[in-house]
Amino acid sequence: MGNGSNSFKSEGNFASPPCMAAEVDPGYFDPLAIDPEQARDVARWRTAERKRLRESRRTLALPQRKAISEALMAGLERLLAAHSAGTGGRVVAFYWPIKDEPDLRSLMAEMQASGRRIALPLVETRSAPLVFRLWTPETRMERGYWNIPVPPRDAQEVIPDVVLAPLMGWDSEGYRLGYGGGYFDRTLAALSPRPFSIGVGFASAQLPTIYPQPHDIPMDVILTERGTEVGG
């Protein structure tokens, strides 16, 4: 990925990127008006499902994972074109893949080269909405506390028009099972106007429900290698 993949600085200036949120803040769960015992049951169930789904996708062979990523990128291009999103000066926020997530970085580079503005999310303040900073293949990336590449603090901060959120699991109502830190939910709740949100993940990660809680915000679209599963 150009210079971005080879020029990292190990500076511990950042809190964990959002995809590591469960490891930073494993106790995150705000049940609001939900019965505390029910909330604990849901939290335990989600923890078990995250582990199961993580192990399931870990077993995918590299060719399978590559084919899924390619199908997702093709589907994402169609989806963005249909919604006139990611065109002109609009900002599309991708994510940096970890833990065997679909790898969309080649599409990031292609979209940036065609004139679109690409951003990545960062956790710069714990338990607060994400910050988005512009990315290009030439961005001199830094590593956060959890060793994940992030744009530096001098990269321009932007408000995204489109946000892609990696899915650990998903359901037919558009709810996303993430890593448990609540950062994407906080961000979508805080941004106004709210960006067009696309949950990106594996078809095999579909669940009957995630047992949504008051703080959970559904994605506008769920996209898997099969195509648009929810919304569209």
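For the structure itself, consult the block above.
These lines cover the structure that appears in this document, whether it is placed above or below. Please read these numbers as outputs of a predicted model, since none were measured by experiment.

Below, the discussion takes up the environment of R46. Inspection of the secondary structure puts R46 in helix α2 (residues 36-58). Between the C-alpha atom of R46 and that of G180, which follows or precedes it by 134 residues, the distance is 8.3 Å. Reaching out from R46, the side chain makes a polar contact with the backbone oxygen of Y211 at a distance of 3.1 Å.

In this structure the tally under the stated criterion is one aromatic pair. Ring geometry for W45 and Y211: centres 5.0 Å apart, planes at 90 degrees, overall edge-to-face. A residue pair is termed long-range when its members are at least 10 positions apart, and W45 in helix α2 and Y211 in the loop between β11 (196-200) and β12 (221-224) qualify at 166 residues. When its relative accessible area of 44% is taken as the criterion, Y211 is described as partly exposed. Positioned above the aromatic ring of Y183 is the side chain of R186, whose terminal nitrogen or guanidinium carbon lies 4.9 Å from the ring centre.

Structurally, D185 is set in helix α5 (residues 183-190). Buried charged residue D185 carries no salt bridge. Nearest counter-charge: R176, at 5.6 Å. Among the polar contacts made by the side chain of D185, one reaches the main-chain amide nitrogen of I217 at a distance of 3.1 Å.

This part covers the sheet that holds β12. Overall, mixed pairing links the eight strands, which are arranged β7-β4-β3-β2-β8-β11-β12-β13 in an open sheet. Strand pairing shows two members of the sheet lacking a second neighbour, β7 (157-158) and β13 (227-230), which therefore form its edges. Across the sheet, helix α3 (residues 62-82) touches β8 (162-166), β11, β12 and β13, and the angle it forms with β12 is around 145 degrees.

Moving on, we come to the pairing of β8. Most of β8 sits out of view: five of its five residues are buried. Because side chains alternate across β8, one face comprises the buried residues V162, L164 and P166, and the other comprises V163 and A165, equally buried.

Mapped onto the elements, Q64 comes out in helix α3. In this structure Q64 comes out as partly exposed when scored by relative accessible area, which is 41%. There is a polar contact of 2.9 Å between the side chain of Q64 and the backbone nitrogen of A61.

A pair of packed helices is characterised by two quantities: the angle between their axes and the separation of those axes. Look at α3 against helix α4 (residues 105-113): their axes get within 10 Å of each other, and the N-to-C directions meet at 40 degrees. With respect to their mutual orientation, α3 and α4 come out oblique. Once α3 is placed against α4, the crossing between them reads as right-handed. From α3, M73, L76, E77 and L80 reach across to α4, where they touch S106, L107, E110 and M111. Looking at side-chain class alone, the contact of α3 with α4 contains five nonpolar, one polar and two charged residues.

What follows deals with the pattern of salt bridges. Counted under the stated rule, the structure contains 11 salt bridges. Here R46 makes a salt bridge to D216, at a shortest N to O gap of 2.7 Å. Taken together, the positions of R46 in helix α2 and D216 in the loop between β11 and β12 put the pair 170 residues apart, joining distant regions of the chain. Pair check on accessibility: R46 and D216 agree, each one buried.

What counts and what doesn't
- Each residue is numbered by its place in its chain's sequence as written, counting from 1.
- Reporting of local features is limited, given that this is a predicted model, to residues whose pLDDT is at least 70; pairs of side-chain atoms are given and counted only at 80 or more, and all residues count toward the totals for whole chains, interfaces and linings.
- Side-chain calculation: all heavy atoms of the structure are included, whereas hydrogens and water are not.
- Going along the chain from the N terminus, every DSSP run of H or I of four or more residues is numbered as a helix, and every run of E of two or more is numbered as a strand.
- Between N or O atoms, a polar contact is any pair within 3.5 Å; within protein, one atom must be a potential hydrogen donor and the other a potential acceptor, and residues adjacent in sequence are included only when both atoms are from side chains.
- In this scheme Phe, Tyr and Trp rings, the latter by its six-membered ring, pair at centre separations within 6.5 Å, and the angle between planes marks the pair as stacked below 30 degrees, edge-to-face above 60, and tilted otherwise.
- Note on exposure labels: buried denotes an accessible area under 20% of the residue type's maximum, exposed denotes more than 50%, and partly exposed covers the range between, all computed with a 1.4 Å probe on protein chains only.
- Any Lys NZ or Arg CZ found within 6 Å of a ring centre and within 35 degrees of that ring's normal is scored as a charge over the ring.
- Charge assignment: positive for Lys and Arg, negative for Asp and Glu; neither His nor the chain ends contribute.
- Between Lys or Arg on one side and Asp or Glu on the other, a salt bridge is scored when a side-chain nitrogen of the former is within 4 Å of a carboxyl oxygen of the latter.
- For two strands to be treated as a pair, DSSP must find no fewer than two bridges joining them.
- In this analysis, two residues are considered to be in contact whenever any of their non-hydrogen atoms come within 4.5 Å of each other.
- Whenever a helix is involved, its axis is fitted only over the stretch in contact; in every case the axis is a line through C-alpha atoms, and angles between N-to-C directions fall within 0 to 180 degrees.
- Orientation is classified from the angle alone, with under 35 degrees giving roughly parallel, over 145 giving roughly antiparallel, 65 to 115 giving roughly perpendicular, and any other angle giving oblique.
- Definitions for this section: a left-handed crossing has its near helix turned counterclockwise from the far helix by less than a right angle. A right-handed crossing has that turn clockwise.
- Classes in brief: Ala, Val, Leu, Ile, Met, Phe, Trp, Tyr, Cys and Pro nonpolar; Asp, Glu, Lys and Arg charged; the others, Gly included, polar.

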